[in-house]
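# Examination of the molecular architecture
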Amino acid sequence: PLCARFPDRALVGVDSSQAMLEQAAALATYTTLVQADIAAWSPERPAALVFSNAALHWLPDHAALFPRIMGWIAPGGTLAVQMPRQQMAPSHRVLRDLAADLFADRFDWTGWTPQVDAPAAYLRLLAPFGRAEVWETEYLQRLAPVTDGHPVRHFTASTAMRPIAERLTASELAAFVARYDAALARDYPPEADGAVLFPFRRLFLTVTRD
């Protein structure tokens, strides 16, 4: 953890969720915890390190967001970010397709673009600030069998599927889940033991400011 790597540094945690902050407080690893929207927040003084793991992909307009974050960082300081880049994979694409097909009155993806851009876009965006490195890795995860539905649906239920599920009634959600499970079974067929091999792509970047 960061507190072990940098024991003499103040560590500030920022999250909009009170529940997440309470979990972080229980770890007793942060000097300060702040409830705020990352898109609007800024530190009181320049930071030596800004670290984000699977958070910034929820925020729009990265072309403006990332230069703004670089403005938080002191000369010689570093930005380190990991973001899932799974939006075009079947696990996420089918969610959009089904939502538009079943509930066109609520879901229109016209003009939609992936939240996370291609790696080259971030290198072009961040190179002017200092030494930037961007790479992408696709992890092959083995998802264990589940007793109800498809393992990939259980994986996405609390993340990518959540914004859709929150707008559906209980009966609508049941119909949606049935169609989603069937589609996932075609795209991610189970192994002999019921487990699923699930490719998942993540983008990483670091920038050390000049």
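In this convention, every chain numbers its residues from 1, walking through the sequence in written order. In keeping with the model being predicted, local features are shown solely for residues with a pLDDT of at least 70 and side-chain atom pairs are shown and tallied solely at 80 or more, while totals for entire chains, interfaces and linings include all residues. As a rule here, side-chain values cover all heavy atoms of the structure and leave hydrogens and water aside.

### Some words on unusual backbone geometry
Quick note on the threshold: We count a stretch as a helix when DSSP gives it H or I for four or more residues in a row; a strand needs E for two or more, and each element gets its number in order from the N terminus. In this scheme, a residue with accessible area under 20% of its type's maximum is buried, one over 50% is exposed, and one in between is partly exposed, where area comes from a 1.4 Å probe on protein chains only.
With a phi angle near 55°, Ala-54 is a residue other than glycine that sits in the positive phi range. Locating Ala-54 in the fold gives a position in the loop between strand E3 (47–53) and helix H3 (62–70). Within the chain, Asp-61 stands out as a residue other than glycine whose phi angle is a positive 55°. Note on placement: Asp-61 falls in the loop between E3 and H3. On the accessibility criterion, Asp-61 (52% relative accessible area) is exposed.

### Here we look at the environment of Thr-29
Threshold: Pairs of residues are marked as contacts when any of their non-hydrogen atoms sit within 4.5 Å.
Tracing the chain through its elements places Thr-29 in the loop between helix H2 (18–27) and strand E2 (32–35). With relative accessibility at 25%, the residue Thr-29 sits in the partly exposed group. Along the backbone, Thr-29 and Pro-7 are 22 residues apart, and their C-alpha atoms lie at a distance of 9.6 Å. Setting aside its immediate chain neighbours within four residues, Thr-29 contacts Cys-3 and Leu-11.

### Details of the sheet that holds E3
The test is simple: DSSP-based pairing: two strands are paired if at least 2 bridges between them are found. Axes here refer to lines fitted to C-alpha atoms; in helices the fit is confined to the stretch in contact. Angles between the N-to-C directions go from 0 to 180 degrees.
The strand order across the open sheet built from 4 strands is E3-E4-E6-E5, with neighbouring strands paired in mixed fashion. Unpaired on one side and paired on the other, E3 and strand E5 (130–143) mark the two borders of the sheet. Each adjacent strand pair in this sheet contributes to an overall mean axis angle of 10°, direction not counted. Of the pairings in the sheet, the one linking strand E4 (residues 73–84) to strand E6 (residues 196–209) comprises 7 bridges and is antiparallel in character. In the sheet register, Gln-82 faces E6, and the bridge partner there is Phe-204. Contacts from helix H5 (residues 119–126) reach E4, E5 and E6, with the element oriented near 155° to E5.

### Some remarks on the environment of Pro-46
Following the sequence through the fold, Pro-46 ends up in the loop between E2 and E3. Given the relative accessible area of 60%, Pro-46 is considered exposed. In the structure, Pro-46 is positioned 138 residues away from Leu-184 in sequence and 45 Å away in space, judged by C-alpha atoms. Excluding residues within four positions of it along the chain, Pro-46 makes contact with Trp-72, Ile-73 and Ala-74.

### Describing the pattern of salt bridges
As a reminder of what qualifies: Each salt bridge in this description consists of a side-chain nitrogen of Lys or Arg and a carboxyl oxygen of Asp or Glu lying within 4 Å of one another.
The full count for this structure, using the stated rule, is 11 salt bridges. For Glu-136, the salt bridge identified is with Arg-85, shortest N-O distance 2.6 Å. A residue pair is termed long-range when its members are at least 10 positions apart, and Glu-136 in strand E5 and Arg-85 in the loop between E4 and helix H4 (90–102) qualify at 51 residues. Take Glu-136: its relative accessible area is 30%, and that puts it in the partly exposed class. Residues Arg-106 and Glu-172 are paired through a salt bridge, measuring 2.8 Å at the closest nitrogen-oxygen approach. Within this pair, whereas Arg-106 is found in the loop between H4 and H5, its partner Glu-172 is found in helix H8 (residues 170–187), the two being separated by 66 residues in sequence.

### Some details on H3
Quick note on the threshold: What the arc measures is the spread of directions leading from the helix axis to the C-beta atoms.
Within the sequence span of H3, burial applies to His-62, Leu-65, Phe-66, Ile-69 and Met-70. Buried residues of H3 fall within an arc of 135° about the axis and therefore sit on the same side. Where H3 is buried, its residues touch E3, E4, H5 and E6.

### Points about the packing of aromatic side chains
Operational definition: Stacked, tilted and edge-to-face pairs are distinguished by plane angle, under 30 degrees for stacked and over 60 for edge-to-face with tilted covering the rest, among Phe, Tyr and Trp rings (Trp via its six-membered ring) whose centres lie within 6.5 Å. Note on geometry: a ring has a charge over it if NZ (lysine) or CZ (arginine) is within 6 Å of the ring centre and within 35 degrees of the ring normal.
In total, this model carries 9 aromatic pairs according to the counting rule given. Connected via pairs of aromatic rings, a cluster forms that spans Phe-155, Tyr-188, Phe-198 and Phe-200. Stacked on the ring of Trp-112, the Lys or Arg Arg-96 has its end atom at 3.8 Å from the ring centre. Here the basic side chain of Arg-167 rests over the ring of Phe-107, its NZ or CZ set 4.6 Å away from the ring centre.

### Structural notes on the side chain of Gln-86
To keep things clear, this is the line we draw: Polar contact is the term for a pair of N or O atoms within 3.5 Å; when the atoms are in protein, one must be able to donate a hydrogen and the other to accept it, and sequence-neighboring residues count only if both atoms are side-chain atoms.
You can see Gln-86 is positioned in the loop between E4 and H4. Separated by 3.0 Å, the side chain of Gln-86 and the backbone oxygen of Pro-199 make a polar contact. Here Arg-201 takes part through its backbone nitrogen, which lies 3.0 Å from a polar atom of the side chain of Gln-86. Residues contacting Gln-86, with those up to four places away along its chain left out, are Ser-91, His-92, Tyr-188, Phe-198, Pro-199, Phe-200 and Arg-201.

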